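Residues per chain, in single letters:
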Amino acid sequence: MAGKSDRIYRINSQEKLLPKAFINWMDNRMPRYIIYESGKRKGTCTGCGKTSEFTKLKYNQSVTCPACRKRAVAKTEKRIDGKKASRKFVYIQKINNGIMARFIERIYTFHATREIDKECYESLRAAVEKGRRQYWYEKRFCYGERDYNRWGENNVKWNVRAENSPVVRIAGYGGWSYRYEDIGDPPVYTKNQKGIMADSMLRFLPGQGKELIDQINDRNRYRATISGFLDVYEKFHQYPCLEALYKCGMKKVVEDFIYKPKLNLKKKEHQPHKILGISKELFRGLREEKEVTQDYLIKCIGLHSVTGNVPLILKIAQKMESREIELFFEQIHMPIKKTLRYLEKLERGEKITYMDYIRMASDAGSDMTSEFVLFPRDLEEAHDAMIEVRDETKRRRQREEAKKMDSDIEKVYKKIQKRFSYEDETYMMRPAKSNVEIVMEGQKQHICVGYGGYAKKMIAGESYILFLRKKSEPDKPYYTVEVSPDYDIIQRHGKYNKEGDEKQEIDAFLEKFREEVGHVKVGYAS
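The notes below deal with the structure included here. Please read all numbers here as calculations on a predicted model, not as lab measurements.

### Quick look at the overall build of the protein
Here is step 1 of the chain: Within the protein, the regular secondary structure consists of 21 helices and 17 strands.
Here is step 2 of the chain: At 38 Å, the protein has a C-alpha radius of gyration far larger than the 24 Å of a compact globule built from 526 residues.
Here is step 3 of the chain: Along the longest, intermediate and shortest principal axes, the C-alpha atoms of the protein span 115 × 70 × 50 Å.
Here is step 4 of the chain: Every one of the 526 residues in the protein was classed for burial, and the buried ones make up 46%.
Here is step 5 of the chain: Contacts in the protein between residues far apart in sequence, at least 24 positions, make up 55% of those at least 6 positions apart.
Here is step 6 of the chain: For the protein, the accessible area works out to roughly 29200 Å², and carbon and sulfur atoms hold 47% of it.
Here is step 7 of the chain: Charged side chains in the protein number 102 positive and 78 negative. The centres of these two groups are separated by 11 Å.

### A short note on unusual backbone geometry
Here is step 1 of the chain: Non-glycine residue Asn 97 carries a positive phi angle of around 65 degrees.
Here is step 2 of the chain: Tracing the chain through its elements places Asn 97 in the loop between strand S6 (84-95) and strand S7 (98-110).
Here is step 3 of the chain: The phi dihedral of Gln 208 is positive, around 55 degrees, even though this residue is not glycine.
Here is step 4 of the chain: Within the secondary structure layout, Gln 208 lies in the loop between helix H4 (193-198) and helix H5 (210-218).

### Description of the pairing of strand S2 (residues 42-45)
Here is step 1 of the chain: Note: strand S1 (residues 33-36) against S2, 3 bridges, orientation antiparallel. Across the sheet, Ile 35 pairs through a bridge with Thr 44, a residue of S2.
Here is step 2 of the chain: Two successive antiparallel strands, S1 and S2, enclose a turn made up of 5 residues, where Gly 39 displays a positive phi of approximately 90 degrees.
Here is step 3 of the chain: Sheet analysis places S2 next to strand S3 (residues 51-53), joined by 3 bridges and oriented antiparallel. Residue pairing for S3: Thr 44 is matched across the bridge by Thr 51.
Here is step 4 of the chain: Between S2 and S3, which pair antiparallel one after the other, the connecting turn spans 5 residues, and Gly 49 there sits at a positive phi close to 80 degrees.

The rules behind the values
- Residues numbered from 1 in each chain as written.
- Predicted model: local features only at pLDDT ≥ 70, side-chain atom pairs only at ≥ 80, totals over all residues.
- Heavy atoms only, no water.
- Helix = DSSP H or I, 4+ residues; strand = E, 2+ residues; numbered from the N terminus.
- Rg over C-alpha atoms; globule rule 2.2 N^0.38 Å.
- Buried < 20%, exposed > 50% of the residue type's maximum accessible area, 1.4 Å probe, protein only.
- Contact = heavy atoms within 4.5 Å.
- Areas by Shrake-Rupley, 256 points an atom, 1.4 Å probe, with all protein chains shown as cover.
- Lys, Arg positive; Asp, Glu negative; His and termini not counted.
- Charge placed at Lys NZ, Arg CZ, Asp CG, Glu CD.
- Pairing = 2+ DSSP bridges.

Laid out in structure tokens, this is it:
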């Protein structure tokens, strides 16, 4: 995608040299060692670089450097030679119309000569351009020329909220391999913060939005606290109207929206009630509430579309869940006060049953303006009746669909009727005459024979469906049998796939059928 490639290049080409002040700041936070020759008392501090005389030096002992007065760990020249120490930091730099957070790894390589090789390595970045979403980028390594040592978009994406994200993807022999890099919570360089904030919407918030950023981080979406700043920076530039909501007391709404946006805010409005798309009266009522969350506000907005009674809106929002409000008042448009009175009589478990009943009644095309339908006297009885209506509707559709294969099954029936019909003094058995008959058998017996796969097998001559009945009740389903063209009993089941004491009689009947009609000499069917 040209657009994506252009964005990756546009952002990452704005990389600037790391300032000396930032490098010194990192060095002051790197592990400090006193490197000494075994058995000697002179050691060199890796922090200040000064060599000092010590009373005593012991390997891995914690001592204070006399020159810089910092604590350090004693290491011998022999043991520290070739060892590495590293730590990650975050440097935020300005880019055109936004910021870029760069994850810098400071790496020390120690030598027996007491010299230290110092380098910076960067494999991860996050960038936010004002008015756009944040993107994360990873350093790509590939043995071909095209992608070697270039920046690519992080495929896992920080904003999927996955634990320990982001992920750094590293190329290995034979293709891509994945290394999960736990970046932890690297410290952020703040000495350039004044310039960053001066060009940000966050400068208009109390304390430059620190309280809000801390609240986002407290929700533990990510491990690195820099993510809270990036989320707030992103959303405040996408939705400048958040500033007005935050300053008028809707702090929890703003926090919820930044964490997981659900509201449809009017970006270009400046007055809080217009931003939310509600009346001034409802907004005043909301401001009197102790703490308004995004979910609570969504319930009020939904109710506001069906009634202008603010006290009633607030009362319902406090007592009812969003799914109840959406079903009863936004979808079905039920009378509010009567619905509230009816719900107050129900226990919690009955409310779930009531929601299920209303949903089924609406789907079945019932008269949803009738109080007899909306507020049944016996909820359990009405619910059971509606289940039967729903199931019968489903069965009717299945039978209508089954008719498409009826003519093919009728041809099969005429062909095999004599070969697969049989009766004795107690039982009788015959092939299915139509696909509708097969489907109805499955519906009445509550077995899987009603599905189209059996009809297709019968049409293809792979197996046949036979109905086994008591002669005293020839039209009442009893057992359903699937038989091969060679008279092998593939399966036979009673209602609900259950079998009782009659099993032996049924098997004996099927055995006689196979012997007398199919001329098969075998034991009892299994």
